[in-house]
Amino acid sequence: MKQRFYLLALSSLVYLGAACSEGSSGVIRPEEWFAVPANFPKPIYDFSKNPITADGFELGKALFFDGDLSRDGTISCAECHSQPYAFTHHGHDLSHGIDNQIGIRNAPPIQNMAFQREFFWDGGVFDLDLFSIAPIENPVEMDEKLGNVLNKLRKKDKYAKLFRKAYGTPEITTERFLKALSQFMLTLVSANSRYDKYVRKEPGGTLTADELAGMAVFEQKCASCHTGSLFTDQSYRNNGLPVYNQEDTGRHRITQTDADRYTFKVPSLRNIAVTAPYMHDGRFYSLDAVLEHYRSGMVNSATLDASLKQNAKPGIAITDTEKAQLKAFLKTLTDDDFLTNKKFGI
């Protein structure tokens, strides 16, 4: 399906590097690996330090689906990030890892990573090339040491060949390993929903009257946090959730600043219809429940975001009609091409 993309100058340099990279096989069509959608901002990721190549992508993909990244071989990245659900852990409120252990947070989607400044609900990682260390070494996710992972990979002829193709020599190093995983994740761009086609005036971009009305309600009542084409301002906010786990103070765990207590990263709403359950702890299993929270379920606290208070009272005024229209609009953010693209699966 043709997509109307424009390439930023930065992207052009990325593609040139990809086509000429040592170990790259054949001619790479740039748009197959990474292109900036016409309605998206400039990427934040520095591609000059890690240009995407066909072989780097294939290596990263193999690693993403390999259980050897975990201590006992049972948990791969894909275990908690499933493509049909926008690379989330479908049906799990909290991440479910090794030895049937349960984490403290919901696994966020892996999509549009090149456009993010920080990662995880608390923003504890600031560089995508460091991102993968956290789940690998987390004792309730993969519970492995990075050095052990590399040693396991070195024992497989498959990876000697894949690393040689991607980097020119078979050496398996921490940097190569992490950058290959980044290359795969960087290609996971979701920007072809019906909403996107509407914005770009492409075929298939027709919205119904209810969806258009929902978009107007969204822009009026939701877009201060879920802003722009990414549908997040990437800030950290307290959205009035009753505190179930007092030990998880969100962004405060990273900054140790009282103003950040119980604030969490504003998630993107792209593919929201398929990424249930919702919130940092997966407490809501439907969009109805989410909208009801904002309408009548918020609790006041010292760090409750000011935009969620009306006349000093928590909550957003949403009528039943507006609620139905909002749901209709949110469903237009589903990108079926992204969810079914065989390039990203095995």
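A brief structural summary. (Residues numbered from 1 in each chain as written. Predicted model: local features only at pLDDT ≥ 70, side-chain atom pairs only at ≥ 80, totals over all residues. Heavy atoms only, no water.)

Considerations on the packing of aromatic side chains
Note the threshold: Two rings belonging to Phe, Tyr or Trp (six-membered ring only in the last case) form a pair when the distance between their centres is within 6.5 Å. Interplanar angles under 30 degrees mark stacking, angles over 60 mark edge-to-face geometry, and anything in between is tilted. A run of H or I in DSSP counts as a helix once it spans at least four residues, and a run of E counts as a strand once it spans at least two, with each numbered from the N terminus. Summary of the burial criterion: residues with accessible area below 20% of their type's maximum are buried, those above 50% are exposed, and those between are partly exposed, where the area comes from a 1.4 Å probe applied to protein chains only.
Under the criterion given, the structure shown has 21 aromatic pairs. Judged by centre distance (5.0 Å) and plane angle (50 degrees), the rings of F64 and F184 are tilted. With a gap of 120 residues between them, F64 in helix α2 (residues 54-64) and F184 in helix α8 (residues 174-186) connect regions that are remote in the sequence. Note on F64: relative accessible area 1%, which makes it buried. An angle of 75 degrees between the planes, with centres 5.2 Å apart, marks the rings of Y195 and F231 as edge-to-face. Here Y195, found in helix α9 (residues 194-199), pairs with F231, found in the loop between α10 (209-221) and β1 (236-237); they are 36 residues apart in sequence, far enough to count as distant. Residue classification places Y195 among the buried positions, given a relative accessible area of 13%. A relative accessible area of 2% places F231 in the buried class. Three or more aromatic residues joined by ring pairs form one cluster here, namely F57, F64, F65, F87, F184, F338 and F344.

Some words on the packing of helix α12 (residues 287-297) against helix α13 (residues 320-330)
The cut-off we apply is this: Orientation is described by lines fitted to C-alpha atoms, with helices fitted over the stretch in contact, and by angles between N-to-C directions that extend from 0 to 180 degrees. Roughly parallel refers to an angle under 35 degrees, roughly antiparallel to one over 145, roughly perpendicular to one between 65 and 115, and oblique to any angle outside these ranges. Crossing handedness: left-handed means the near helix sits turned counterclockwise from the far one by under a right angle, and right-handed means the same turn made clockwise. Pairs of residues are marked as contacts when any of their non-hydrogen atoms sit within 4.5 Å. In this count, Pro and Cys sit with the nonpolar residues alongside Ala, Val, Leu, Ile, Met, Phe, Trp and Tyr, while Asp, Glu, Lys and Arg are called charged and the others, Gly among them, polar.
Relative to each other, α12 and α13 sit at 135 degrees, their axes nearing to 11 Å. In terms of their interaxial angle, α12 and α13 are classed as oblique. The interaxial crossing formed by α12 with α13 has right-handed handedness. Contacts from L287, D288, L291, E292 and R295 of α12 reach α13 at D320, K323, L326, K327 and L330. Here the contact of α12 with α13 is built from residues that sort into four nonpolar, no polar and six charged.

Some words on the environment of D66
Here D66 shows up in the loop between α2 and α3 (77-80). Classification of D66 as buried rests on a relative accessible area of 9%. Setting aside residues up to four positions removed in sequence, D66 forms contacts with I75, S76, L153, K156 and Y159.

Notes on helix α7 (residues 157-167)
Selection criterion: Think of the arc as the fan of directions from the helix axis to the C-beta atoms.
Taken as a whole, α7 has its buried residues at Y159, L162, F163, A166 and Y167. When α7 is viewed along its axis, its buried side chains cluster within an angular range of 105 degrees and face the same direction. What points out from α7, more than 90 degrees from its buried face, is the exposed set D157 and K161. Considering only its buried residues, α7 is in contact with α2, α6 (146-154) and α8. Among the residues trailing α7, G168 stands out with phi positive, at a value near 95 degrees.

Observations regarding the nonpolar core
The cut-off we apply is this: Within this scheme, the nonpolar core is defined by two criteria: the residues are buried Ala, Val, Leu, Ile, Met, Phe, Trp, Tyr or Cys, and they are joined through side-chain atoms within 4.5 Å.
Counting 54 residues, the largest nonpolar core has L59, Y159 and F177 as its most contacted members. When contributions to this core are tallied by element, the ones reaching two or more residues are α2, α3, α4 (128-131), α6, α7, α8 and α14 (336-340). Ranked by the residues each element gives to this core, the list is headed by α8, at seven residues. Ignoring sequence-local partners within four residues, the contact set of L59 consists of Y159, L162, F163, A166, Y167 and A180.

Things to note about the pattern of salt bridges
The cut-off we apply is this: Salt bridges, as used here, are contacts in which a Lys or Arg side-chain nitrogen is within 4 Å of a carboxyl oxygen on Asp or Glu.
Here the structure, examined in full by the defined rule, presents 25 salt bridges. The salt bridge involving D68 is made with K156; its shortest N-O contact spans 2.7 Å. Of the two residues, D68 is situated in the loop between α2 and α3 and K156 in the loop between α6 and α7; the sequence distance between them amounts to 88 residues. For R283, the salt bridge is made with D281, and the minimal N-O distance between the two is 2.7 Å. A single network of salt bridges, built from pairs that share partners, joins D288, E292, R295, D320, K323 and K327.

A look at α12
When α12 is considered as a whole, its buried residues turn out to be L287, V290, L291, H293 and Y294. Down the axis, α12 shows its buried residues gathered within 145 degrees of arc, on one side only. Tucked inside the fold, the buried residues of α12 contact α13.

Things to note about unusual backbone geometry
Omega for the bond connecting A276 with P277 falls within 30 degrees of zero, at 0 degrees, which places this linkage in the cis form. Structurally, P277 is set in the loop between β2 (264-265) and α12. Even without being a glycine, N100 presents a positive backbone phi close to 60 degrees. Tracing the backbone shows N100 in the loop between α3 and α4. Classification of N100 by relative accessible area gives exposed; the value is 58%. Of note, the phi angle at Q234 is positive, near 60 degrees, even though the residue is not glycine. Inspection of the secondary structure puts Q234 in the loop between α10 and β1. The class of Q234 is buried, set by a relative accessible area of 7%.

Overview of a nonpolar patch on the surface
Heads up, the condition is: A patch consists of residues exposed above 30% relative accessible area that lack any salt bridge, with like charges linked at up to 9 Å and nonpolar side chains (Val, Leu, Ile, Met, Phe, Trp, Tyr) linked at up to 5 Å. Values of accessible area rely on a 1.4 Å probe in the Shrake-Rupley scheme; residue burial ignores everything except the protein chains shown.
Nonpolar side chains collect at one region of the surface, where Y198, V199 and L212 lie side by side and expose about 210 Å² of accessible area between them. Locating L212 in the fold gives a position in helix α10.

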